[in-house]
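What follows is the residue order along each chain.
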Amino acid sequence: MKKLDLEEIRSKIDQIDRKLIELIEERLEIVREVALYKKENNMKIFDRKREEEVVYKNLSNVKNEELKHYIEIILKDIMDSSKEYQKFKIGSSKEYVNNLDFNGKKLGYTGVPGAYAYEVMINLLKNSKNSDGSTGVRAKEILSFNTHRELVEGVENGKVDFAILPIENSIVGEVRDSIDLINKRNIYIVGEVKHKIEHNLLGIKGSKIEDIKRVYSHEQALMQCSEFLGKYPEWEKVKMNNTALSAKYIGDTKNKENACIANMETREMYNLELLQPDINNEKENFTRFFIVSNKNLICENSEKISVITSTKNESGALMKLLKVFSDYGLNMVNLKSRPKTNKPWEYYFYIDFEGNLEEENVEKALEEIREKSIYLQILGNYKIYNLEI
């Protein structure tokens, strides 16, 4: 048996890598042509069915069964890179509208009736105007989802026309998965709502605060009421997917030892007892919600833009990119870093800034950002809704 020579083996790998680079570069040139065709024909960048077909077809050519799993990972990485390149090169087609039209549309949210997202959705319907100028419209259907991922998938595949997605709380910060989901999926931010959060301690009818041994709620609600809960260290804190879901659970189990943190709407919905009102750490507690759609709708007088971008990993790269906002007189109101999936210590940057895509300085700034970055995705250009509650 021939003795293994590590340098000889590495040399063979280097030769294969050079061929791979040439082929991947050639593939991306063709991907660019695909992207331009999609833009001209108003097609979406991400086609799940096509991606699954490409992966399945290529896996059928693998001769060594042991390698199939690893080749599948590589193929999916190539597909993800192709989608990022398409987004970077062409962005997405836009549709300008006077206002968002919720009348007769299918709307979605996470949780159960009484959730804060549900409140936002109902207030949007109440405050929306009909064609005759009157206020108040009706949705065709309102659908609830268990998770943000399921909600976003429902938007992407057209199961709902609009969805309400929490993005950030003024006390405890961002809702971590929301930005990532918007970036990875074919959906767009088409509006923003700031909603005041008022937490209350609720139990079943006839219960008293002395009876309580367990408190159920969403993780963020538990954090936002930590000072009140700190007075009762003996209580068990139980995390649930949604504040309203915790209220429904309390109502269904009918156990005097159980309480929940939720809004007053759920008190009526699930026939609960108010044990302690307004238990927020901070009285001025707001959550930002995005209205998302699978259409890139831009309303008249839209005033805010959200983007995801990434720079080369070199000294001063991010500073040069951020300087663009100052150079063009744009007010950046939010900057956050988000880790890249499967790429430790590499980050995207999520940025909100004031402006409209039809403004010349915004157009020039984005073009310069595109030149200084290795990735740019415009998530939406939208208006902020100030609702009467």
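Residues numbered from 1 in each chain as written. Predicted model: local features only at pLDDT ≥ 70, side-chain atom pairs only at ≥ 80, totals over all residues. Heavy atoms only, no water.

## Here's the deal with the nonpolar core
In step 1: Judged by nonpolar contacts, the single largest core of 35 residues is most densely connected at L100, F102, L124, F162, I164 and I291.
In step 2: Among the nonpolar cores identified, the runner-up in size contains 22 residues, and F145, V152, I187 and I308 belong to it. (Core = buried A, V, L, I, M, F, W, Y, C linked by side-chain atoms within 4.5 Å. Buried < 20%, exposed > 50% of the residue type's maximum accessible area, 1.4 Å probe, protein only.)

## Here's the deal with helix α5 (residues 148-156)
In step 1: Among the residues of α5, H148, L151, V152, G154, V155 and E156 are the ones counted as buried.
In step 2: Among the structural elements, α2 (48-59), β2 (106-110), β3 (141-145), β4 (162-169), α6 (176-184) and β12 (286-293) are those in contact with the buried residues of α5.
In step 3: A positive backbone phi angle near 85° is found at G158, which sits one or two residues after α5. (Helix = DSSP H or I, 4+ residues; strand = E, 2+ residues; numbered from the N terminus. Contact = heavy atoms within 4.5 Å.)

## Quick word on a nonpolar patch on the surface
In step 1: On the surface, a cluster of nonpolar side chains totalling about 390 Å² of accessible area is made up of L4, L6, I9 and I13.
In step 2: Along the polypeptide, L6 turns up in helix α1 (residues 6-40).
In step 3: Judged by relative accessible area, which is 48%, L6 ranks as partly exposed. (Patch = residues over 30% accessible without salt bridge, like charges linked within 9 Å, V, L, I, M, F, W, Y side chains within 5 Å. Areas by Shrake-Rupley, 256 points an atom, 1.4 Å probe, with all protein chains shown as cover. Salt bridge = Lys/Arg side-chain N within 4 Å of Asp/Glu carboxyl O.)

## Describing the layout of surface pockets
Taking a probe equal in size to a water molecule and rolling it over the atoms shows the remaining empty space.
In step 1: Taken as a whole, the second largest pocket spans an internal volume of roughly 720 Å³.
In step 2: Around the second largest pocket, the lining is made up of 30 residues, and of these H148, V175, H218, Q220 and N241 lie nearest the centre.
In step 3: At the level of elements, α4 (116-127), β4, α6, α7 (219-224), β9 (236-240) and β12 are the ones that each hand at least two residues to the lining of the second largest pocket.
In step 4: Top contributing element to the lining of the second largest pocket by residue count: α7, with five residues.
In step 5: Its residues assigned to classes, the lining of the second largest pocket comprises 11 nonpolar, 14 polar and five charged. (1 Å grid on protein atoms, 1.4 Å probe; cavity = no way out; pocket = protein on both sides within 12 Å on 5 of 7 lines; lining within 4 Å. Points joined across faces, edges and corners; volume = space filled by probe spheres on them. Nonpolar A, V, L, I, M, F, W, Y, C, P; charged D, E, K, R; others polar.)

## As for the sheet that holds β9
In step 1: Spatially, the five strands line up as an open sheet ordered β9-β8-β10-β7-β11, and their pairing is mixed. Every interior strand has two partners, whereas the edge strands, β9 and β11 (272-276), have only one. Strand after strand, the sheet turns through a mean of 35° between neighbouring axes, direction not considered.
In step 2: Alignment of strand β7 (residues 200-204) against strand β10 (residues 258-262), held across four bridges, turns out to be antiparallel. (Pairing = 2+ DSSP bridges. Axes fitted to C-alpha atoms, helices over the stretch in contact; angles between N-to-C directions.)

## Remarks on the environment of Y249
In step 1: Position of Y249 relative to the elements: it lies in helix α9 (residues 243-253).
In step 2: What makes Y249 partly exposed here is its relative accessible area of 32%.
In step 3: Between the C-alpha atoms of Y249 and Y270, which are 21 residues apart in sequence, the distance is 9.1 Å.
In step 4: When neighbours within four sequence positions are excluded, Y249 is seen to be in contact with Y216, M240 and N258.

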